[in-house]
Amino acid sequence: MLELLARGDGEHDHGTHERLVHLERLPARRASAVPLPDDLPPALRARLELAGITELWTHQAEVLERARAGEHLVVATGTASGKSLAYQLPTIERLLEDDRSVALYLAPTKALARDQLRAVRGFKLPQVRAAVIDGDTPLPERDAIRRTANWLLTNPDLLHASLLGDHKHWADLLHRLSVVIVDESHVARGVFGSHVALVLRRLRRVAERYGADPTFLLASATVGNPGEHAAALTGLDVGEVIADGSPRGPLDLGLWLPPLEEDGRSRRSLLRETADVLASFVAAGVQTLVFTRSRKGAEVVALTAKERLGEAADDGGGALADRVAAYRAGYLPEERRDLEERLRNGALLGVVATEALELGIDVSGLDAVLLAGWPGTAASFWQRLGRAGRAGGAAAGLLVAQEDPLDHYLVTHPDELIGRAPEDAIVDAANPYVLAPHLRCACQELPLTDDEALRWFGDGAPPLLAADVEAGTLRARGGRHYWTSRRRASAAVNLRSAGGTPVRIVDADTGSVVGDVDEARAHRQVHTGAIYLHQGRQLRIRELDLSRHLALAEDAGSPGVTTRPRSDTDVRVLEATVGSRWGEVAIAYGRVEVTTQVTGYEVLRLGSSEVIERVDLDLPPLHLRTRAVWYAIPEGVLDAAGIAPRRVPGSLHAAEHAAIAMLPLLALCDRWDIGGLSTALHPDTDRPTVFVYDGVPGGAGLAERSYQRLPEHLAATRATVASCHCRTGCPSCVQSPKCGNGNDPLDKAGALSVLGLLLERAPGENDVQ
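Just so it is clear, the structure is predicted and the values come from calculations on it, not from any experiment.

What counts and what doesn't
- Residues numbered from 1 in each chain as written.
- Predicted model: local features only at pLDDT ≥ 70, side-chain atom pairs only at ≥ 80, totals over all residues.
- Heavy atoms only, no water.
- Axes fitted to C-alpha atoms, helices over the stretch in contact; angles between N-to-C directions.
- Helix = DSSP H or I, 4+ residues; strand = E, 2+ residues; numbered from the N terminus.
- Parallel < 35°, antiparallel > 145°, perpendicular 65-115°, else oblique.
- Left-handed = near helix turned anticlockwise from the far one by under 90°.
- Contact = heavy atoms within 4.5 Å.
- Nonpolar A, V, L, I, M, F, W, Y, C, P; charged D, E, K, R; others polar.
- Buried < 20%, exposed > 50% of the residue type's maximum accessible area, 1.4 Å probe, protein only.
- pLDDT = per-residue confidence, 0-100.
- Pairing = 2+ DSSP bridges.
- Salt bridge = Lys/Arg side-chain N within 4 Å of Asp/Glu carboxyl O.
- Core = buried A, V, L, I, M, F, W, Y, C linked by side-chain atoms within 4.5 Å.
- Disulfide = S-S within 2.5 Å.

**A few points about the packing of helix H25 (residues 710-723) against helix H26 (residues 748-761)**
So, step 1. Where H25 contacts H26, the axes come no closer than 10 Å and their chain directions differ by 150°. Classed by the angle they form, the pair H25 and H26 counts as roughly antiparallel. Read as a crossing pair, H25 and H26 show a hand that is left-handed. The residues of H26 that touch H25, namely those facing Pro711, Leu714, Ala715, Thr717, Arg718, Val721 and Ala722, are Lys748, Leu752, Leu755, Gly756, Leu758 and Leu759.
So, step 2. In the contact of H25 with H26, the residues fall into nine nonpolar, two polar and two charged.

Shown next as structure tokens:
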């Protein structure tokens, strides 16, 4: 299918030979299967055979065999490899063989839990009584579920906020809890993953009190450390099942780099470029799914592709433009099913979606998948491409690079993209800023002793309990710690947040709540005067009231402008935990305090870097205690590399931006999870220094991973800056969309020199010693 682009045929030829920078054929993979086990329960075997399943992929059979022995497992195989059946079989078998057993299924989204409910009910086994319970489940229905269900499907948020806190009402189910399934477990990473890890420890503690010791079965996309990550989530030894026995058809994989505009400072719009390719595929009758990173992006690509197709007709005389649609979150279930059915029967040739279509949606057998920008992780990259050719037939995948250093690096280094090991998923359940509120929840659920805290929550738990007792949040009596408030401890913990009270965004005219934003991000995103995009609607923030945690918004119409905050940042070194020397350069990792103050904002003409107005703000500083990696370079070393003192700020600044953008190569994260600072003279190092820090309280393990693999991190950073053809720096190499200084100063050539001198002095191994 990518031959269409390689030919550059006719009306939809867009300079393909300049854009398609790499084309590779990935070979098919043969299936590895075994017959259905003879000892499956007869009712289950009959249902499988009725569905046409007469054999299992080898990884499914391995999960079944090892789960029967009570082993905790994570299955980490590719998209459409039958991971759901891998955990369904041992679970259903256990429910059939022991009518007292109960299974608990956890999904990261409500939609996925409801899709899995349909799959489980599809077995039509009366002994398996599955039910979903989430925030939309009415209270009377919850009572019925408690009495009758033996397979409960929910999400970590409800488990945390309701089920554990009301565990006495669920005592019978918890007593009989036999299996816990954590689906799409790779999503539980970073701060969210750390919260989930602590919720699972609380679940295990409460279950043990009721006499249960469930088997944990996790299903994950391919990550670099599935067993380690699963163990960090559950606090248990977890075995890996990673040998994928499912078949896969051949895949033509293309890497697409939009050209530079005439000014040489930016590249052609990612969304327009993607829409052009989609129009080419639809015109050729190629059924295509496009993934974008935002709802607005999905709408723009679909609309632009329709415009490109114009009045063109399909073979049946219908308008091709009518066979393209956008898929966004917020659709009703019946609307989603209708879209899936139209894809299956071929009525739709092009669908543009966000990640809402990545998890748990029954769409398969497509001809091609287009990715509008790197999705952030190798796991998501291969998972999305797996939507194409899922029936085992040939398929095509195309990554269209956006203006981002990581995108540019990957499309210009195809061996690194195709052959690289997937990123590690990182969880830090010991982060005191995350752990402390969960300890309060645990105390409310069941009074907690120091020994229990140590056993379930680690070495850092007893000191946190003592601090809460001193503060009056907890009460110590008889060696146990008790929650003292009438309010639920869980109400103060948002699993999807790094902490703090969220700021509500309220429509000033109607009083309705539009959404919310983390307290830490509110200063940048919803300051007074900010243009804020919510579900495709442009809002102007009339007032940010921090005392009430409230941002009043009004409709901005179509202002033709956007806003960009300006900020000052300072980093204070609290402790260098570890360090090393690369010749004269000092490398370190440790605890830091970051102080950031949003000082104002710029009003920019939409779609350009033209500043129309600068507005000052009077906001208080924000303080963040976190973890950072830093490198301090003597002035003489910089001078010897040809970087004169006047060029040092811009050179370090550009190197810092590029390093932040490339860190997601090493760990599952987004550049917005990371911050940085560069300075020509830092008071704590007495040298020119670059800091890269985790953007959450207590850290998230990202800066630590950079320190551990710093030569690899810096080598990839230098390679992407060097391979960018812009003259002085652009968003594909050293400019950052979140820079508080408006990307000034930046010195691209100086950044290459800084990165080069660091790598010349780096140790020869991948890990810093």
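**Some words on helix H8 (residues 156-163)**
So, step 1. Summarising burial for H8: six of the eight residues are buried, a large majority.
So, step 2. For H8, the complete set of buried residues consists of Pro156, Leu158, Leu159, His160, Ser162 and Leu163.

**Describing the confidence of the model for the protein**
So, step 1. Averaged over every residue, the pLDDT of the protein is 89; residues scoring 70 or more account for 92%.
So, step 2. Low pLDDT, under 50, characterises residues 9-13; the predicted model gives this stretch seven contacts beyond four residues in sequence or across chains.

**Let's talk about the sheet that holds strand S17 (residues 448-449)**
Strand pairing in a sheet relies on backbone hydrogen bonds, with the paired strands running either antiparallel or parallel.
So, step 1. Strand order in this open sheet of three strands is S17-S19-S18, and the pairing throughout is antiparallel. Edge positions in the sheet fall to S17 and strand S18 (474-477), since each has one partner strand and no second.
So, step 2. Sheet topology note: the S18/strand S19 (residues 480-483) ladder contains four bridges and is antiparallel. Bridge pairing in S19 links Ala476 to His481.

**Brief notes about the environment of Arg542**
So, step 1. For Arg542, the location among the structural elements is in strand S23 (residues 537-545).
So, step 2. Arg542 sits in the partly exposed class, given a relative accessible area of 41%.
So, step 3. Sequence-wise, Arg542 and Asn225 are 317 residues apart; in three dimensions their C-alpha atoms are separated by 46 Å.
So, step 4. Ignoring any residue separated from it by four or fewer positions in sequence, one finds Arg542 in contact with Ala508, Asp509, Thr528, Leu552, Ala553 and Glu554.

**Description of the pairing of S23**
So, step 1. The pairing of S23 with strand S24 (residues 550-555) spans six bridges and is antiparallel. Counted as the bridge partner of Glu543 is Leu552 from S24.
So, step 2. In this antiparallel pair of consecutive strands, S23 and S24, the connection spans four residues, and His549 shows a positive phi of 55°.

**Some points on the pattern of salt bridges**
So, step 1. Here the structure, examined in full by the defined rule, presents 40 salt bridges.
So, step 2. Glu208 is the partner of Arg455 in a salt bridge, and the nearest nitrogen-oxygen pair spans 2.6 Å. Residue Arg455 is located in helix H19 (residues 450-457), and its partner Glu208 is located in helix H10 (residues 190-209); the two are separated by 247 residues in the primary sequence.
So, step 3. When its relative accessible area of 53% is taken as the criterion, Arg455 is described as exposed.
So, step 4. Judged by its relative accessible area of 38%, Glu208 falls in the partly exposed class.
So, step 5. One salt-bridge network, held together by shared partners, links Arg19, Arg268, Glu273, Asp276 and Arg308.

**Quick word on the nonpolar core**
So, step 1. Counting 78 residues, the largest nonpolar core has Tyr631, Ile633 and Leu758 as its most contacted members.
So, step 2. When residues of this core are assigned to their parent elements, the largest contribution, eight residues, is made by helix H23 (residues 648-662).
So, step 3. Setting aside residues no more than four positions away along its own chain, Tyr631 makes contact with Val585, Ala586, Ile587, Ala659, Pro688, Thr689, Val690, Val692, Leu710, Leu714 and Leu758.
So, step 4. The next biggest cluster of nonpolar side chains, apart from the first, holds 57 residues, and it includes Val196, Leu236, Cys441 and Leu465.

**Structural notes on the pairing of strand S21 (residues 513-517)**
So, step 1. Strand direction decides the pairing type here: strand S20 (residues 503-507) and S21, joined by four bridges, are antiparallel. Directly across from Val503, in S21, lies its bridge partner Val517.
So, step 2. Remark: five residues form the turn of the hairpin made by S20 and S21, two consecutive strands paired antiparallel; Gly511 in that turn has positive phi of roughly 80°.

**Looking at the state of the cysteines**
So, step 1. Applying the stated criterion to the full structure yields zero disulfides.
So, step 2. With no disulfide of its own, Cys730 has Cys724 as its nearest cysteine by sulfur position, at a separation of 3.5 Å.
So, step 3. On the accessibility criterion, Cys730 (0% relative accessible area) is buried.
So, step 4. In this structure Cys739 is not part of a disulfide, and its nearest cysteine sulfur, from Cys733, lies 14 Å away.

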